[in-house]
Amino acid sequence: MKVMVVEDERDIRDILKNLLEEEGFQVVALENGLNILEDIRQNQPDLLLLDQILPGKTGVEAVREVRGSEQYSKLPIIMVTGLSGEDDKVNALDVGADDYVTKPFYPKELAARIKALARRSSIIGEPGAAGKDRISKDAIVIDFSAHRVWVEEQEIALTLTEFKILAELLKQSGQVLTREKLRERALGNLNVTDRTIDVHMASLRKKLGAVGGQIETVRGVGYRFADRA
Ligand code: CA
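Residues numbered from 1 in each chain as written. Predicted model: local features only at pLDDT ≥ 70, side-chain atom pairs only at ≥ 80, totals over all residues. Heavy atoms only, no water.

(A) Up close: the domain arrangement of the chain. Assigned domains of the chain: these are domain 1 (2-123) and domain 2 (129-225). Between the C-alpha centres of domain 1 and domain 2 there is a distance of 23 Å. Each partner contributes residues to the interface: domain 1 has 17 residues there, and domain 2 has 17 residues. Here domain 1 meets domain 2 over a buried area of about 1500 Å², counting both sides, of which 51% is carbon and sulfur. Taken together, the links from domain 1 to domain 2 amount to zero salt bridges. One can count two residue pairs in polar contact (both at pLDDT 80 or more) joining domain 1 with domain 2. (Domains from an automatic or database assignment. Contact = heavy atoms within 4.5 Å. Buried area = accessible area lost by both parts, 1.4 Å probe. Salt bridge = Lys/Arg side-chain N within 4 Å of Asp/Glu carboxyl O. Polar contact = N/O pair within 3.5 Å; in protein donor to acceptor, adjacent residues only side chain to side chain.)

Written out as structure tokens, the structure reads:
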């Protein structure tokens, strides 16, 4: 599995590279994200670890560019933020990063987060993800093996996290999916805040258009995908 690290500070870049190599990842390290799409095309990483503060083009701008591209819109991305403010984290997720870590990061935690995201992305295998399994619910069709979603037969582009959330909602449609289950099954991180879940959910609803209204908030508990009225 290959991780592309984008970090302008040389010391941190070297630390990240050594750490990830020790954990068994292949690593490509870059000092800026100015030509992010071209760099991805050349290196074909499985996952992007992107610093938020970069010269010329910020991490947020780079994520936006990757998500907006046709080919790499689903590339798993973890943003490294040096800022511990909640707004920066939410902002990172809002533009489409799948997860974030804050500096100073703990090597073992970082490696664990990368592996968790890789598992969610099926890069390193996930039980039951293989095969041509599709489910459909009202106007939505989900293809689990290809990670694709259609609404009214139009394909929509979801981030990996949004995809996982939608999949969990549809798997138990009509029933309440608690925030705890969402954290465990869709986000792979038990420490994700309620606000972060809300941000992912708002983005998912928006992308689903009219169908997004079928995702109901069950106050104080979680969410439910309701049958079409
Ligand atoms: Ca930086």
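(B) Structural context of the pattern of salt bridges. This model, assessed by the stated rule, comprises 22 salt bridges. Between Arg-113 and Glu-109 there is a salt bridge, with the nearest N and O atoms lying 2.5 Å from each other. Linking Arg-113 with Glu-109, this pair stays in helix H5 (residues 107-120), spanning four residues, or about one helical turn. Residue Glu-109 is classed as partly exposed on the basis of its relative accessible area, which comes to 37%. When salt bridges with common partners are traced through the structure, they connect Arg-179, Glu-180, Arg-183, Asp-194 and Asp-198 into a single cluster. (Helix = DSSP H or I, 4+ residues; strand = E, 2+ residues; numbered from the N terminus. Buried < 20%, exposed > 50% of the residue type's maximum accessible area, 1.4 Å probe, protein only.)

(C) Structural context of the sheet that holds strand E11 (residues 215-218). Strand order in this open sheet of three strands is E10-E12-E11, and the pairing throughout is antiparallel. Of all the strands in the sheet, the pair left with one neighbour each is strand E10 (176-178) and E11. Here the strands of the sheet are splayed against their neighbours by 30° on average, with no regard to which way each runs. Bridging between E11 and strand E12 (residues 222-225) involves four bridges; their strand directions are antiparallel. Within the sheet, the bridge partner assigned to Ile-215 lies in E12 and is Phe-225. (Pairing = 2+ DSSP bridges. Axes fitted to C-alpha atoms, helices over the stretch in contact; angles between N-to-C directions.)

(D) Quick look at the packing of aromatic side chains. In the structure shown here, the tally under the stated rule is one aromatic pair. Ring geometry for Phe-144 against Phe-163: centres 6.3 Å apart, planes inclined by 80°, an arrangement best described as edge-to-face. Of this pair, Phe-144 sits in the loop between strand E7 (140-143) and strand E8 (148-151) while Phe-163 sits in helix H6 (residues 160-171); the two residues are 19 residues apart in sequence, bridging distant segments of the chain. Both residues of the pair, Phe-144 and Phe-163, belong to the buried class. (Phe/Tyr/Trp six-rings, centres within 6.5 Å; stacked < 30°, edge-to-face > 60°.)

(E) Expanded view of the nonpolar core. Judged by nonpolar contacts, the single largest core of 27 residues is most densely connected at Ile-140, Ile-142, Leu-166, Leu-169, Leu-204 and Leu-208. Contributing elements (two or more residues each) for this core: E7, E8, H6, helix H7 (179-187), helix H8 (194-208) and E12. A total of six residues in this core trace back to one element, the largest contributor, which is H6. Discounting chain neighbours no more than four positions away, the residues touching Leu-208 are Ile-140, Val-151, Ile-156, Leu-166 and Ile-215. Ranked by size, the runner-up nonpolar core spans 21 residues in total, among them Leu-48, Leu-54, Val-66 and Ala-92. (Core = buried A, V, L, I, M, F, W, Y, C linked by side-chain atoms within 4.5 Å.)

(F) Layout of the coordination of the calcium ion. Within the first shell, the calcium ion binds the protein through Asp-8 (OD), Asp-51 (OD) and Ile-53 (O), at distances of 2.1 to 2.3 Å. Sequence spacing among the residues donating to the calcium ion works out to D-x42-D-x1-I. Separated by 43 residues along the polypeptide, Asp-8 in the loop between strand E1 (2-6) and helix H1 (10-22) and Asp-51 in strand E3 (residues 47-51) bring together distant segments of the chain. Taking the relative accessible area as the measure of exposure, Asp-51 reaches 2% and is therefore buried. (Donors = N, O, S within 2.8 Å, 3.2 Å for Na, K, Ca; no water.)

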